[in-house]
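# Observations on the model geometry
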Amino acid sequence: MSWTKRLLQAPIHAYRWTLKPLMGLECRHLPTCSEYAIGSIEKNGAWRGLWLTASRLSRCHPWGSSGYDPVPDIQGEQHTFAPWRYGRWSRKRSVPPSEIS
């Protein structure tokens with residue numbers, strides 16, 4: 001694992017071990033936002049994973065999306081001058097449980 005991935009994942013792990021038990025273990029999405037962040041950084045690298053995490057956190061509010069929202073594999077996408085295009089920022093539908101393979 002590269003040092004940038006570890007550096008970005010360190011505060012996520014710290015949150016999971018310190019604040020998450022105090023805030024409650026319920027989440028609107030599956031996987032949880034912290035699991036999604038770790039998975040997106042692992043699967044897509046530090047830069048794309050950071051933008052995917054930011055877009056997921058922007059949807060995690062009472063009027064946002066909910067349900068099953070897996071980490072996409074976007075390694076083939078190139079948005080050098082527009083990195084915000086890596087994430088899904090709007091409240092589009094999540095994958096229903098019946099479509100999970």
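Residues numbered from 1 in each chain as written. Predicted model: local features only at pLDDT ≥ 70, side-chain atom pairs only at ≥ 80, totals over all residues. Heavy atoms only, no water.

## A closer look at the overall build of the protein chain
In terms of regular secondary structure, the protein chain is built from four helices and two strands. Secondary structure of the protein chain in N-to-C order comes out as α-α-β-α-α-β. Counting every position in the protein chain, which comprises 101 residues, the buried fraction comes to 34%. Pairs at least 24 apart in sequence give 71% of the contacts found in the protein chain among residues at least 6 apart. A total accessible area of about 6800 Å² is found for the protein chain, and carbon and sulfur atoms account for 63% of it. (Helix = DSSP H or I, 4+ residues; strand = E, 2+ residues; numbered from the N terminus. Buried < 20%, exposed > 50% of the residue type's maximum accessible area, 1.4 Å probe, protein only. Contact = heavy atoms within 4.5 Å. Areas by Shrake-Rupley, 256 points an atom, 1.4 Å probe, with all protein chains shown as cover.)

## Points about the side chain of aspartate 69
Counting through the fold element by element, aspartate 69 comes out in the segment after β2 (67-68). Within the local environment of aspartate 69, its side chain forms a polar contact with the side chain of arginine 59, the two groups lying 2.4 Å apart. The contact partners of aspartate 69, leaving out residues within four places of it in the chain, are His29, Leu30, Pro31, Tyr36, Arg56, Arg59 and Arg88. (Polar contact = N/O pair within 3.5 Å; in protein donor to acceptor, adjacent residues only side chain to side chain.)

## Focus on the confidence of the model for the protein chain
When pLDDT is averaged across the protein chain, the result is 80; 81% of the residues are at 70 or more. Per-residue pLDDT, averaged within each element of the protein chain, yields its smallest value for helix α2 (residues 20-23) (80) and its largest for helix α3 (residues 33-44) (90). (pLDDT = per-residue confidence, 0-100.)

## Thoughts on the environment of alanine 37
Relative to the elements of secondary structure, alanine 37 occurs in helix α3. Judged by relative accessible area, which is 4%, alanine 37 ranks as buried. Separated by 28 residues in sequence, alanine 37 and glutamine 9 place their C-alpha atoms 7.9 Å apart. The contact partners of alanine 37, leaving out residues within four places of it in the chain, are Ile12 and Thr53.

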